[in-house]
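Observations on the model geometry
Each chain, written out:
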Amino acid sequence: NAGVTQTPKFQVLKTGQSMTLQCAQDMNHEYMSWYRQDPGMGLRLIHYSVGAGITDQGEVPNGYNVSRSTTEDFPLRLLSAAPSQTSVYFCASSYSGKGYGYTFGSGTRLTVV
Amino acid sequence: GIQVEQSPPDLILQEGANSTLRCNFSDSVNNLQWFHQNPWGQLINLFYIPSGTKQNGRLSATTVATERYSLLYISSSQTTDSGVYFCAVVSGGSNYKLTFGKGTLLTVNP
């Protein structure tokens, strides 16, 4: 049981490049989400999904796209990377509903130069 | 949206000391969780505690939902307790959108 798996762990991009951060969970969780963590800011929600085919925006969605074609996978796409997107990105999953805790992946450290 | 404030922002302890971390939130919540982020960046769920009190070893948490705060107690601290402790809440109509506080950075010295 791997939990939530994020790849890659580290990435350096040039401004304007695109990339996809991968997130997969094997716990059959309906809810998945992406957060970014910046120094002194805590974690902020980017996008989330309550099930396959359903996504919605969080607090800081600009510059990011998501899709949810399967229950297991929830990739995060940066279409044209900017230095302001330098951050640590975390994927999380949970059973649907308010009564359950969240499991986080180990994070992706992204630097945009 | 809901505001989550954690205090203190930084805390330095000697091994063996006890500590209390506080989380205040500005609205009623459906879900409140405490997380520990270790020095390697991994986020570990400590407690799901929208109300009441829970204990897990040296750690315990209490949430007083009517007064909109939660407390995390760490007793007999160890160096492995070092890291950032986050409080996160879900409020309003959404059952899913966690809002995090900015965290408390705990350093436990040997």
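What comes next is a walk through the structure. Source: prediction; values computed, not measured.

1. Observations concerning the environment of Ala24 of chain A
Residue and element names in this part refer to chain A. Secondary-structure assignment places Ala24 in strand 3 (residues 19-25). Overall, the relative accessible area of 27% leaves Ala24 in the partly exposed class. Not counting the four nearest positions on each side in its chain, Ala24 is found in contact with Gly3, Val4, Thr5, Glu72 and Asp73.

2. Considerations on the pairing of strand 8 (residues 69-74) of chain B
All names here are of chain B. For strand 8, a buried count of five out of six residues is recorded, marking the element as mostly surrounded by other parts of the structure. Here strand 3 (residues 19-25) runs beside strand 8; their pairing, made up of six bridges, is antiparallel. Bridge assignment links Leu21 to a residue of strand 8, and that residue is Leu72. As paired strands, strand 7 (residues 59-64) and strand 8 are joined by six bridges and run antiparallel to one another. By the bridge assignment for strand 8, Thr62 is matched with Leu71. Taking the residues between adjacent antiparallel strands as the criterion, strand 7 and strand 8 are bridged by four residues, where Arg68 takes a positive phi near 60 degrees.

3. Structural notes on the packing of aromatic side chains
Residues and elements named next belong to chain A. If you walk through the whole model with that rule in mind, you get 10 aromatic pairs over all chains. Ring geometry for Tyr31 against Tyr48: centres 6.0 Å apart, planes inclined by 50 degrees, an arrangement best described as tilted. Taken together, the residues Tyr31 in strand 4 (residues 31-38) and Tyr48 in strand 5 (residues 42-51) connect sequence positions 17 residues apart. Tyr31 sits in the buried class, given a relative accessible area of 0%. Since its relative accessible area comes to 9%, Tyr48 is described here as buried.

4. Regarding the state of the cysteines
Per the counting criterion, the structure on display carries two disulfides over all chains. A sulfur-sulfur separation of 1.9 Å characterises the disulfide bridge that pairs Cys23 of chain A with Cys91 of chain A. As the torsion about the S-S bond is roughly -70 degrees, the Cys23 of chain A-Cys91 of chain A disulfide counts as left-handed. With Cys23 of chain A in strand 3 and Cys91 of chain A in strand 9 (residues 87-94), the pair connects residues that are 68 residues apart, well separated along the chain. Accessibility expressed as a relative area gives 1% for Cys23 of chain A, which makes it buried. The disulfide bridge from Cys23 of chain B ends at Cys87 of chain B, spanning 2.0 Å between sulfur atoms. Note on the Cys23 of chain B and Cys87 of chain B pair: the S-S dihedral is about -60 degrees, so by sign convention the disulfide is left-handed. You can see Cys23 of chain B sitting in strand 3 and its partner Cys87 of chain B sitting in strand 9 (residues 83-91), a full 64 residues away along the chain.

Criteria and cut-off values
Residues numbered from 1 in each chain as written. Chains lettered and ligands numbered in written order. Predicted model: local features only at pLDDT ≥ 70, side-chain atom pairs only at ≥ 80, totals over all residues. Heavy atoms only, no water. Helix = DSSP H or I, 4+ residues; strand = E, 2+ residues; numbered from the N terminus. Buried < 20%, exposed > 50% of the residue type's maximum accessible area, 1.4 Å probe, protein only. Contact = heavy atoms within 4.5 Å. Pairing = 2+ DSSP bridges. Phe/Tyr/Trp six-rings, centres within 6.5 Å; stacked < 30°, edge-to-face > 60°. Disulfide = S-S within 2.5 Å.

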